[in-house]
Every structure is written in structure tokens, then in C-alpha cells.
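Secondary and tertiary structure notes
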Amino acid sequence: MAFEDIIMIKKIASITVCAQNLCRNFGAHVVVQGVDLVLKQGEVLGLLGPNGAGKTSTLRMLTGNLAPNVGSLNICGVDLLGKPQNAKAFIGYLPETPPLYQEMTVDEFLRFVAKLHRMQCHEIKVALGDVKQRCGLSGMGKRLINTLSKGYQQRVGIAQAIIHRPSVIILDEPTVGLDPNQMREIRSLIKELGAQYSVILSTHILSEVEAVCDQIKIMHHGRIIFADTRAGLQQREESLEEIFSQLTSSNESVATKDI
Amino acid sequence: MITTIVEKELKQLFTAPFAWILLALMQLVLAWVFLGHLDAFLEIQSQLMQITNPPGVTEIVVVPVFAMAAIVLLMVTPLLTMRLIAEERRNHTMVLLVSAPVSITDIVLGKFLGLMIFFVMMITLLAGLSFSLIAGGTLDFGLLMSNILGLLLVVACFVSLGLYISSLTAHPTIAAIGTLGLLLGLWVVDIVASDMDSFARNFSLLKHYDYFNRGIIDSFSIVYFVLFIVTFLILTIRCLDGERLRG
């Protein structure tokens, strides 16, 4: 695809992620059931839910790591299931465990990721400096990844997800294992990214969602049981924590009620 | 895209001491065998002069060294192929490759070619060893080329099989043991195949290699090797593709 085409598509399609009726089961076990997601450019979506709710599976489907049994998936107007390579070029993904080659240096690793995403040599140089500065990795370029602390490894994980300036950034629990200061930094980074790109964020931390997300969805037993905007929540002066515990406490009758 | 993966594979291979140690050990063992055969050749050289049409230095020194090299590589390949995919899976880095706009075919071919470049280096060293004989006589270049080609093809077979086994598991050790087991099995087939009429003869990698070793380039052998390589590469691609569907 030519560069101009990509720019055109970015301008025309302000809807960056459009997933309809995603379903997935592992054998008889249903993990995700009828999930719909629509995300515009410049929006941050928070995906909440207890453990095993199907958040990670949903994100894996959105990034092409897991094929849905039923459903359609469009990333920036490109069908992810039909043209996976073109669609994946728009996505930056940080899985639960950051995918890092421990024996590479930070620079080597980020350069490899940029090349994988088909960036040109002169672009890479600029992007590398930019992304290191954004993620607080300046001066860490020559360090081997396995000598970095957990927090810094997480930052490298985020850096690899955004180095190629994707339109859609998908972060699976990005602040796990970070200290409060780092968490705050990452949150402000997500906010900053959210202004430019679309961000999907899965997390357990409710305050994080309240701080950065425009859209909030709660998943339970593979379904989306609550969907609202942050503005809507604030208007009705409802607390996310109450809603969350109400909906996801083991009460089955509440859990199956779709909203 | 393939070049990016090849580059990464080679970088990973050579930043660890393992590849260097292996190269050194291989060279040591093969040089030892080489010198042994050279010694024997020098001893019987005067007697060889008396027969008409005597076997040259290539037949007596180079051929057995290449035959030995195939056996040594059979032992060594599983150690190198085990980490190709199994380790990526264990370190959760496979996700990175799958999420990038790269096809599974590119990933598999990149890994295959990366390791093949390493083996080409190893075989170049071996060829260099053989070329050193020019200093004291003439070489049968046709026979040498046939040996080099045969060794390349047989190693490519080992690598493609190892790559496939590595794609089946998340434990490098299991991949190594599995590959070694299968390759040894193929070696056993070779022993069964020493009976001339045996059907198993057609399936033995080392038997086909033996033709190259003796300087016979049989098109059936080439086709067998190429089919073997392509089959296991396709199986690997299918296995990794299926992962997305199975989860």
C-alpha cells in the first residue's frame, strides 16, 4: 500500500477499530461471546473485568493472534481476517507478558521491531530517539534487556508497541508490576497517546480507567455487560467501583443481563 | 521481511558463545579426522603408485571427512534447531512476530535460512580444510563440489525437520530430544537400508547422501532431499498457522 493511501485512509476513516459479534470458544469452553467494539481516532477504551473474563482473548483476537470463531474485524477500514498483514501494520500491541528478546540491547530490540513493521532506515533513527524519550528510556539504549528492572522492561514493551506510530495501540495490563510513580508516568503517556491515536487498555485498576479512558466497557463471562462513556458516568455521578462490584460479583442473574 | 528475520536469527546466534564453541569444536573434530586420514594416505602413497589408476587424495582424505561431517552434524543440528520456535514461545516473543505485519511463511523461512547461513559457514570451513590439500597436490574438484552440495542438502533436511519439531512444543529440550530421536531413527533406517534391495533404502537420508559422497549426483536423491525440506517447512507453517485457530 502506498504511503498516500495510508494517509487517505487515516483521514477518511476516523473509526479505527470496528469489531462485530466476536465469539471464541476453546473446545466446549466459551471464552468470548458476542463482543462488539467501535473505537474512533483519539479515543481511549478501557476494558475492565475480573480474572478470566475474556479480556486477554478479546485483545488477542483484535491483534490477529487468535482467530475468532464468528465475527468480523476491521482495523482502519482493513479486514483483519482477510488481509491480516495490511491490517496488522496499523496495530501496536503490548501483550500481558512483554515480548522481549532478553539478550538484545534496548536499541537493537527496538530497531528490530521497527524493521519488522517495515520502517525505513532514516525513519527508524528519528522514531527510536522519539520513542525512547517518550517512554523514559533515554540513556538506556545500550543496556541489555535482561539487566533492566521489571518497570523498565515494561517501558521497553510499551516502546515496541508504539515505535512504528500505529493508529491503534492495544495494551494488555500495561501498569502491572510498576511502582506508583511509574504508573503515573505510564498513565500520562497513555493519555498523550490517546489524543493522537486510538488506545485499547485492559486493566484491573478502576482508578486507572477513570483517569484515562473515554469509553468504559466491563466484561464478565466473555460478554460485555456494561458499556458507557466516562462523561456519562460523571454526569450520572455513579461510581465505577460500585457498578463493577455489582455486576461482576458472582451473582449469575446479574452477570447475564446485557446492557 | 525475510532478511529482517534472518538478521535477527544470526545476531541471536552469534551473541551467545554457544555457536562459536560449536564452530570451534566441529572444526577441531573434523581437523582431527582429516589429519588422521591424511597421515594414512601419506603412509600408503608409495604403494598406491604401483596400481594403475590409483585413488587420489580427494577419495582417500576428503570423502571420509565429509562422511564423518554428516554424522557429526546429525548430532549437532538438534542443539541449534531446538530454540528456533520453542524458545520464542517460552519467552512469549512469538506474539511479537505474529502481531507484526509479517506472514508466518516469512517467519519460518527466515528462521530456516538464518540457521542455514550458519551451516554454510561451517561447511565453508570444512571446504577450506579440503582446499589446503592443493598445497601438496591436485584435487578432484568435481568430487569435492558433489560432497559440498550433498552436505548442504542433507543439513537442510536436518534443519527443516528440527524446525518442525521445535514448532510443536514450548520446551527447547523436548524439541532437541525429539529431533535427535527422529534423526537417529533415520540413521537406523540407513543401517537397514544397507541391504541393496531394501525398500527403506529410498527413505534413508544418509544413503542418499552417500551417493553425493561418492561423487554420484542422482536426480532422485536431489528430488528426495528437496521434497523432504519443503514438506517439513510447509508442516511448520501449517502448525504455526493452526495455533491461531486452535488458540
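Residues numbered from 1 in each chain as written. Chains lettered and ligands numbered in written order. Predicted model: local features only at pLDDT ≥ 70, side-chain atom pairs only at ≥ 80, totals over all residues. Heavy atoms only, no water.

1. With respect to the overall build of chain A
Counting secondary structure elements, chain A contains 11 helices and 10 strands. In terms of C-alpha radius of gyration, chain A reaches 18 Å, essentially the compact-globule figure of 18 Å for 259 residues. Projected onto its principal axes, the C-alpha coordinates of chain A cover approximately 55 × 40 × 40 Å. Counting all 259 residues of chain A, 52% fall into the buried class. Of the contacts formed within chain A by residues at least 6 apart in sequence, a portion of 68% connects residues at least 24 apart. Treating the 27 positive side-chain charges of chain A as one cloud and the 26 negative ones as another, the clouds have centres 7 Å apart. (Helix = DSSP H or I, 4+ residues; strand = E, 2+ residues; numbered from the N terminus. Rg over C-alpha atoms; globule rule 2.2 N^0.38 Å. Buried < 20%, exposed > 50% of the residue type's maximum accessible area, 1.4 Å probe, protein only. Contact = heavy atoms within 4.5 Å. Lys, Arg positive; Asp, Glu negative; His and termini not counted. Charge placed at Lys NZ, Arg CZ, Asp CG, Glu CD.)

2. A look at the interface of chain B and chain A
Contact residues are listed per partner, giving 24 residues for chain B and 28 residues for chain A. For the pair chain B and chain A, the summed buried area comes to about 2400 Å², and 62% of that belongs to carbon and sulfur atoms. When residues of chain B are sorted by the area they lose upon contact with chain A, Leu96, Pro101 and Arg244 of chain B head the list and together hold 27% of the total. There are 1 salt bridge connecting chain B and chain A. For the interface between chain B and chain A, the tally reads 9 residue pairs in polar contact (both at pLDDT 80 or more). Breaking the side of chain B that touches chain A down by element, the ones donating at least two residues are α1 (2–15), α4 (94–99) and α9 (219–246) of chain B. For the side of chain B that touches chain A, the element with the highest residue contribution is α1 of chain B, accounting for 7 residues. (Buried area = accessible area lost by both parts, 1.4 Å probe. Salt bridge = Lys/Arg side-chain N within 4 Å of Asp/Glu carboxyl O. Polar contact = N/O pair within 3.5 Å; in protein donor to acceptor, adjacent residues only side chain to side chain.)

3. Brief notes about the nonpolar core
Core analysis: the largest hydrophobic core is formed by 133 residues, its most contacted members being Phe109 and Ile218 of chain A together with Phe118, Phe119, Leu151, Leu205 and Phe225 of chain B. With 15 residues, helix α3 (residues 57–90) of chain B is the single largest residue contributor to this core. Domain assignment of the residues forming this core places at least three in each of domain 1 (3–90 + 168–255) and domain 2 (101–165) of chain A. Beyond its immediate stretch of four places on either side in the chain, Phe109 of chain A contacts Pro99, Leu100, Tyr101, Met104, Ile145, Val156 and Gln160 of chain A together with Leu96 of chain B. Membership of the second largest hydrophobic core comes to 29 residues, among which are Val35, Ala53, Leu62 and Ala87 of chain A. (Core = buried A, V, L, I, M, F, W, Y, C linked by side-chain atoms within 4.5 Å. Domains from an automatic or database assignment.)

4. Points about the domain arrangement of chain A
Residue and element names in this part refer to chain A. In terms of domains, chain A is made up of domain 1 (3–90 + 168–255) and domain 2 (101–165). A straight line from the C-alpha centre of domain 1 to that of domain 2 covers 24 Å. Contact residues are listed per partner, giving 17 residues for domain 1 and 11 residues for domain 2. Taken together, both faces of the contact between domain 1 and domain 2 bury some 1300 Å²; the carbon and sulfur share is 54%. The largest contributions to the domain 1 side of the interface with domain 2 come from Gln182, Leu189 and Tyr197, which together make up 27% of the buried area.

5. Observations regarding the packing of helix α5 (residues 104–131) of chain B against α9 of chain B
Residue and element names in this part refer to chain B. At their nearest, the axes of α5 and α9 sit 9 Å apart, and the two run at 135 degrees to each other. Classified by the interaxial angle, the pair formed by α5 and α9 is oblique. Here α5 runs over α9; the crossing is right-handed. For the pair α5 and α9, contact is made by Ile104, Thr105, Val108, Leu109 and Phe112 and by Ile229, Leu233, Thr236, Ile237, Leu240 and Asp241, respectively. Partitioned by chemical class, the residues of the contact of α5 with α9 number 8 nonpolar, 2 polar and 1 charged. (Axes fitted to C-alpha atoms, helices over the stretch in contact; angles between N-to-C directions. Parallel < 35°, antiparallel > 145°, perpendicular 65-115°, else oblique. Left-handed = near helix turned anticlockwise from the far one by under 90°. Nonpolar A, V, L, I, M, F, W, Y, C, P; charged D, E, K, R; others polar.)

6. Let's talk about the side chain of Thr169 of chain B
All names here are of chain B. Here Thr169 shows up in the loop between α6 (141–168) and α7 (172–192). In this structure Thr169 comes out as buried when scored by relative accessible area, which is 13%. Polar side-chain contacts of Thr169 include one of 2.8 Å to the backbone nitrogen of His171.

7. Focus: the environment of Ala40 of chain B
If you trace the backbone, Ala40 of chain B turns up in helix α2 (residues 17–50). In this structure the C-alpha to C-alpha distance between Ala40 of chain B and Ile234 of chain B, which are 194 residues apart in sequence, comes to 45 Å.

8. Describing the sheet that holds strand β4 (residues 70–75) of chain A
Residue and element names in this part refer to chain A. One open sheet holds the 4 strands; their spatial order is β2-β1-β4-β5, and the pairing between them is antiparallel. Looking at the sheet topology across the chains shown, the edges are occupied by β2 (29–40) and β5 (78–79). Pairing analysis gives 2 bridges linking β4 to β5, with the strands arranged antiparallel. Within β5, the position partnered with Asn74 by the bridge is Asp79. (Pairing = 2+ DSSP bridges.)

9. What to know about a nonpolar patch on the surface
Among the surface-exposed residues, Phe131, Ile134, Phe141 and Met145 of chain B lie close enough to one another that they form a single nonpolar patch of about 350 Å² accessible area. When its relative accessible area of 40% is taken as the criterion, Ile134 of chain B is described as partly exposed. (Patch = residues over 30% accessible without salt bridge, like charges linked within 9 Å, V, L, I, M, F, W, Y side chains within 5 Å. Areas by Shrake-Rupley, 256 points an atom, 1.4 Å probe, with all protein chains shown as cover.)

10. A short note on the environment of Thr169 of chain B
With 82 residues separating them along the chain, Thr169 of chain B and Glu87 of chain B place their C-alpha atoms 9.1 Å apart. Those residues in contact with Thr169 of chain B that lie beyond four places of it in its chain are Ala86, Arg89, Ile174 and Ala175 of chain B.

11. Considering the packing of α1 of chain B against α2 of chain B
All names here are of chain B. As a packed pair, α1 and α2 sit with axes 4 Å apart at the nearest point and diverge in direction by 75 degrees. Here α1 lies roughly perpendicular to α2, going by the angle between them. Taking contact as the criterion, the partners of Leu13, Phe14 and Thr15 in α1 are, on α2, Pro17, Ala19, Trp20 and Leu23. Partitioning the contact of α1 with α2 into residue classes produces 6 nonpolar, 1 polar and no charged.

12. Digging into the confidence of the model for chain A
All names here are of chain A. In the predicted model, chain A carries a mean pLDDT of 85, and 91% of its residues have values of at least 70. At the level of individual helices and strands, chain A shows its lowest average pLDDT in helix α11 (residues 252–255), which scores 46, and its highest in helix α4 (residues 106–116), which scores 94. Note on residues 253–259: pLDDT under 50 across the span, and 12 contacts to partners over four residues away in sequence or across chains. (pLDDT = per-residue confidence, 0-100.)

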